[in-house]
There are 2 protein chains.
Amino acid sequence: MNLKEKIRTIPDFPKKGIMFRDITTLLADPEAMEHTVSLMSERYDAQKVDKVAGIESRGFIFGALLAQRLNAGFIPIRKEGKLPFETVKEEYDLEYGTDCVEIHRDAIDAGDNVVIVDDLVATGGTILASINLIQKLGANVVGVSYVIDLPDVGGREKIREFNPHYLVEFEGE
Amino acid sequence: MNLKEKIRTIPDFPKKGIMFRDITTLLADPEAMEHTVSLMSERYDAQKVDKVAGIESRGFIFGALLAQRLNAGFIPIRKEGKLPFETVKEEYDLEYGTDCVEIHRDAIDAGDNVVIVDDLVATGGTILASINLIQKLGANVVGVSYVIDLPDVGGREKIREFNPHYLVEFEGE
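Quantities reported herein were computed from a predicted structural model and do not represent experimental measurements.

Cut-offs applied
Residues numbered from 1 in each chain as written. Chains lettered and ligands numbered in written order. Predicted model: local features only at pLDDT ≥ 70, side-chain atom pairs only at ≥ 80, totals over all residues. Heavy atoms only, no water. Contact = heavy atoms within 4.5 Å. Buried area = accessible area lost by both parts, 1.4 Å probe. Salt bridge = Lys/Arg side-chain N within 4 Å of Asp/Glu carboxyl O. Helix = DSSP H or I, 4+ residues; strand = E, 2+ residues; numbered from the N terminus. Nonpolar A, V, L, I, M, F, W, Y, C, P; charged D, E, K, R; others polar. Pairing = 2+ DSSP bridges. Axes fitted to C-alpha atoms, helices over the stretch in contact; angles between N-to-C directions. Buried < 20%, exposed > 50% of the residue type's maximum accessible area, 1.4 Å probe, protein only. Polar contact = N/O pair within 3.5 Å; in protein donor to acceptor, adjacent residues only side chain to side chain. Least-squares fit on C-alpha atoms with pLDDT ≥ 70 in both. Expected span 1.5 Å × (residues − 1). Arc of directions from axis to C-beta. Phe/Tyr/Trp six-rings, centres within 6.5 Å; stacked < 30°, edge-to-face > 60°. Parallel < 35°, antiparallel > 145°, perpendicular 65-115°, else oblique. Left-handed = near helix turned anticlockwise from the far one by under 90°.

Undergrad: Looking at this structure, I do not really get the interface of chain A and chain B. What am I missing?
TA: Many structure descriptions define interface size as the accessible area lost when the parts assemble. Across the boundary between the two partners, chain A contributes 36 residues, which contact 36 residues of chain B. Both faces combined, the contact of chain A with chain B buries some 2800 Å², and carbon together with sulfur accounts for 59% of it. Between chain A and chain B we count two salt bridges in total. The residue B:Arg8 makes a salt bridge to A:Asp106 at a minimum N-O spacing of 2.7 Å. Counting residues per element, the ones that place at least two in the side of chain A that touches chain B are strand 1 (8–11), strand 2 (19–22), helix 1 (24–27), helix 2 (30–42), helix 3 (58–70) and strand 4 (73–79) of chain A. Ranked by residue count, the leading element in the side of chain A that touches chain B is helix 3 of chain A, at seven residues. Grouping the constituent residues of the side of chain A that touches chain B by class yields 19 nonpolar, seven polar and 10 charged.

Undergrad: Would you take a moment to explain the sheet that holds strand 6 (residues 98–104) of chain A for this structure?
TA: Note on sheets: strands pair through backbone hydrogen bonds, and any given pair is parallel or antiparallel. Residue and element names in this part refer to chain A. A sheet is described by the order of its strands in space; here seven strands give the open sequence 5-6-4-3-7-8-9, paired in mixed fashion. The open sheet has two edge strands with one neighbour each: strand 5 (87–93) and strand 9 (164–169). Ignoring which end each strand starts from, the neighbouring axes of this sheet average 20 degrees apart. Here strand 8 (residues 140–149) runs beside strand 9; their pairing, made up of five bridges, is parallel. By the bridge assignment for strand 9, Asp149 is matched with Glu169.

Undergrad: Sorry if this is basic, but what is going on with the side chain of B:Arg21 here?
TA: Residue and element names in this part refer to chain B. Inspection of the secondary structure puts Arg21 in strand 2 (residues 19–22). With relative accessibility at 7%, the residue Arg21 sits in the buried group. A polar side-chain atom of Arg21 sits 2.7 Å from a polar atom in the side chain of Thr9.

Undergrad: Can you walk me through the relation of the copies chain A and chain B in this structure?
TA: Relating the two copies of this chain is a rotation about some axis coupled with a shift parallel to it. Under the fitted operation, chain A is carried onto chain B by 0.0 Å of movement along the axis and a turn of 180 degrees, and the coordinates agree to an RMSD of 0.0 Å. The transformation just described matches what one would write down for a two-fold rotation axis. Both copies present the same face, since 100% of the interface residues in chain A are matched by interface residues at the equivalent positions in chain B.

Undergrad: So what exactly am I meant to see when it comes to the sheet that holds strand 4 (residues 73–79) of chain B here?
TA: Residues and elements named next belong to chain B. Judged by pairing direction, the sheet is mixed, and its seven strands sit side by side in the order 5-6-4-3-7-8-9 without closing on themselves. Two strands close off the open sheet at either side, each with one partner strand: strand 5 (87–93) and strand 9 (164–169). Neighbour to neighbour, the strand axes of the sheet diverge by 20 degrees on average, direction disregarded. Summarising the sheet, strand 4 and strand 6 (residues 98–104) pair through two bridges and their orientation is antiparallel. Bridged to Lys79 within strand 6 is Val101.

Undergrad: Would you explain helix 4 (residues 125–136) of chain A in this entry?
TA: Residues lying three or four places apart along an α-helix face the same way, a consequence of the helix completing one turn every 3.6 residues. Residue and element names in this part refer to chain A. Look at helix 4: 17 Å from first C-alpha to last across 12 residues, which is about the 16 Å you get at 1.5 Å a residue. When helix 4 is considered as a whole, its buried residues turn out to be Gly125, Ile127, Ala129, Ser130, Ile131, Leu133 and Ile134. Summarising the contacts, the buried residues of helix 4 are in contact with strand 3 (51–55), strand 4, strand 5, strand 6, strand 7 (113–121) and strand 8. Residue Gly138 follows helix 4 closely and has a positive phi angle near 80 degrees.

Undergrad: Please clarify how helix 2 (residues 30–42) of chain B should be interpreted in this entry.
TA: Between its first and last C-alpha atoms helix 2 of chain B spans 18 Å; for 13 residues at 1.5 Å apiece the expected length is 18 Å, and the two agree. Those residues of helix 2 of chain B lying buried are B:Pro30, B:Ala32, B:Met33, B:Thr36, B:Val37, B:Met40 and B:Ser41. One face of helix 2 of chain B carries all of its buried residues, which in axial projection span an arc of 165 degrees. Buried residues belonging to helix 2 of chain B abut helix 3 and strand 4 of chain A together with helix 1 (24–27), helix 3 (58–70), strand 8 (140–149) and strand 9 of chain B. By the N-cap criterion, in which a side-chain oxygen at the helix start approaches the backbone nitrogen of a residue two or three places on, helix 2 of chain B is capped by B:Asp29, the distance to B:Glu31 being 3.2 Å.

Undergrad: Explain the packing of aromatic side chains here, please?
TA: The geometry of an aromatic ring pair comes down to the distance between the two centres and the angle between the two planes. All names here are of chain A. One pass over the structure, following the stated rule, counts six aromatic pairs over all chains. When the ring of Phe60 is compared with that of Phe74, the centres are 6.0 Å apart and the planes differ by 85 degrees; the resulting orientation is edge-to-face. Taken together, the residues span a long stretch of sequence, with Phe60 in helix 3 and Phe74 in strand 4 at a distance of 14 residues. Since its relative accessible area comes to 3%, Phe74 is described here as buried.

Undergrad: Can you walk me through the packing of helix 3 of chain A against helix 3 of chain B in this structure?
TA: Any two packed helices are characterised by how steeply their axes cross, that is the angle between the axes, and by the distance between the axes. Running from N to C, helix 3 of chain A and helix 3 of chain B point in directions that differ by 55 degrees, and their axes come no closer than 8 Å. Relative to helix 3 of chain B, helix 3 of chain A is oriented oblique. As helix 3 of chain A runs across helix 3 of chain B, the sense of the crossing is right-handed. Every residue of helix 3 of chain B that contacts helix 3 of chain A at A:Phe60, A:Ile61, A:Ala64, A:Leu65, A:Gln68 and A:Arg69 is listed here: B:Phe60, B:Ile61, B:Ala64, B:Leu65, B:Gln68 and B:Arg69. Grouping the constituent residues of the contact of helix 3 of chain A with helix 3 of chain B by class yields eight nonpolar, two polar and two charged.

Undergrad: What is the right way to read unusual backbone geometry from this model?
TA: With the exception of glycine, the majority of residues adopt a negative phi angle, and the majority of peptide bonds are in the trans configuration. That bond from A:Glu56 to A:Ser57 is cis: its omega, -10 degrees, falls within 30 degrees of zero. Even without being a glycine, B:Asn71 presents a positive backbone phi close to 55 degrees. Topologically, B:Asn71 is positioned in the loop between helix 3 and strand 4. The phi angle at B:Asn163 is positive, at roughly 60 degrees, despite the residue not being glycine. Within the element layout of this structure, B:Asn163 appears in the loop between helix 5 (155–158) and strand 9. Its relative accessible area of 28% is what places B:Asn163 among the partly exposed residues.

Here it is as structure tokens:
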């Protein structure tokens with residue numbers, strides 16, 4: 001199955017010049033989603049995974065499915081102010097300004113093996129902040145799984161030591 | 001398994017006087033999540049379900065898992081401005097002001113049987129708006145599945161004709 005064909009490209013969203021890779025066409029196709037989750041989970045066949053951390057909000061979709069497949073706990077990484085219990089936070093730079101991600105302090109135990117999941121890695125800013133959150137809690141990031149890599153933007157290189165695994169890449173096209 | 005015990009209550013979040021029902025403790029427990037999805041899916045054993053629509057963002061977690069269990073497409077219902085393709089919108093009233101949900105116009109076909117999923121129903125405002133979106137596209141809402149019902153708030157009564165199904169209830173306590 002060619003997963004790339006399941007992803008739709010919308011030009012000029014959210015602003016002019018951006019080619020937005022729209023995964024909603026993939027999500028709507030149950031066979032393609034089954035294939036996606038199988039490919040993601042195979043990567044961890046020989047690896048004990050305790051927790052899967054999904055990044056708000058598209059990472060929740062793939063992360064929840066991967067967690068269930070691996071029989072691991074699912075942990076949400078959210079934007080600031082959404083999680084109700086005690087959290088740790090990590091700021092990261094945007095093109096203009098900063099953003100912040102949070103995780104519950106009791107969500108992950110020291111020594112846990114954790115996989116981080118999102119739909120796409122572009123600059124890698126959110127993923128790097130998420131890796132820092134997991135490490136602040138004393139756990140090991142054993143993989144970063146995502147559907148779409150944008151090699152022209154270069155985020156993958158920044159997370160090379162954390163076993164990045166993606167299923168499809170789109171070059172500037 | 002007592003699912004209610006898997007849900008943590010945080011007093012005074014997001015503001016004083018609110019007892020916040022925190023599902024992150026449920027999400028972190030893979031056996032409890034397996035049980036949750038099994039209970040949700042059993043409801044549709046005798047019913048053809050074409051699409052499962054999850055409401056941003058905790059509804060994405062349970063919705064994606066239910067969609068996979070039912071071999072149905074997953075459709076995100078999102079806050080305004082997040083979906084890149086042509087959408088239909090529905091406004092709904094909040095305590096102060098209004099909010100808006102959107103769905104892709106091509107996500108659902110006329111005549112589809114659709115289940116709507118969220119984590120919790122309180123006043124029912126978001127769920128009613130989501131039901132309206134599905135109906136605008138000519139599809140049938142055959143069920144509304146969610147984890148937590150708050151009977152004191154009364155949302156469930158407003159969606160009675162759409163086959164509401166919840167797993168746990170919390171009265172004002």
